[in-house]
Amino acid sequence: MAIIVNLDVMLAKRKMSLTELSEEVGITMSNLSILKTGKAKAIRFSTLEAICEALDCQPGDILEYSEDG
């Protein structure tokens, strides 16, 4: 079982770079990179909210559950 992070997909859809998202949301590049690669163990709701606001999307557009993991 796994949570898949589709941050790179949403960035591509919005034609936004990780650097631009980092600046807009106020999260370090390293933390966004950890999230993007799926290595994050947790995410704060406030962080998820800020990312969704910046990318004009829903949490489900970024996070996906997979039983195959």
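Relevant structure appears above.
Let us look at the structure shown here.

Criteria and cut-off values
- Residues numbered from 1 in each chain as written.
- Predicted model: local features only at pLDDT ≥ 70, side-chain atom pairs only at ≥ 80, totals over all residues.
- Heavy atoms only, no water.
- Buried < 20%, exposed > 50% of the residue type's maximum accessible area, 1.4 Å probe, protein only.
- Helix = DSSP H or I, 4+ residues; strand = E, 2+ residues; numbered from the N terminus.
- Arc of directions from axis to C-beta.
- Contact = heavy atoms within 4.5 Å.
- Patch = residues over 30% accessible without salt bridge, like charges linked within 9 Å, V, L, I, M, F, W, Y side chains within 5 Å.
- Areas by Shrake-Rupley, 256 points an atom, 1.4 Å probe, with all protein chains shown as cover.
- Salt bridge = Lys/Arg side-chain N within 4 Å of Asp/Glu carboxyl O.
- Lys, Arg positive; Asp, Glu negative; His and termini not counted.
- Charge placed at Lys NZ, Arg CZ, Asp CG, Glu CD.

### As for helix H4 (residues 45-55)
Each α-helix winds once per 3.6 residues, and so residues spaced three or four apart point in a common direction. Buried within H4 are the following residues: Leu48, Ile51, Cys52, Ala54 and Leu55. Along the long axis of H4, the arc covered by the buried residues comes to 165°, so they all point the same way. Within H4, the exposed residues directed more than 90 degrees away from the buried face are Phe45, Glu49 and Glu53. Contacts from the buried residues of H4 go to helix H1 (7-13), helix H2 (18-25), helix H3 (29-36), helix H5 (59-62) and strand E2 (63-66). Once H4 finishes, Asp56 follows within two positions and takes phi at roughly 50°, a positive value.

### Regarding the environment of Ile51
Relative to the helices and strands, Ile51 is located in helix H4. For Ile51, a relative accessible area of 1% gives the class buried. With 18 residues separating them in the primary sequence, Ile51 and Ser33 have C-alpha atoms 13 Å apart. In contact with Ile51, other than residues within four places in its own chain, are Leu7, Val25, Ile27, Leu32, Leu35, Ile43 and Ile62.

### Details of the environment of Leu55
By the element assignment, Leu55 lies in helix H4. Put simply, Leu55 and Leu21 are 34 residues apart on the chain and 8.1 Å apart in space, counted from C-alpha to C-alpha. If sequence neighbours within four positions are ignored, Leu55 has contacts with Leu7, Met10, Leu11, Arg14, Met16, Leu21 and Ile62.

### Some words on a negative patch on the surface
Among the surface-exposed residues, Glu20, Glu23, Glu24, Glu49 and Glu53 lie close enough to one another that they form a single negatively charged patch. Put simply, the parts of the chain that give the negative patch at least two residues each are H2 and H4. Per-element tally for the negative patch: the top contributor is H2, with three residues. Mapped onto the elements of the fold, Glu24 is located in helix H2. For Glu24, a relative accessible area of 51% gives the class exposed.

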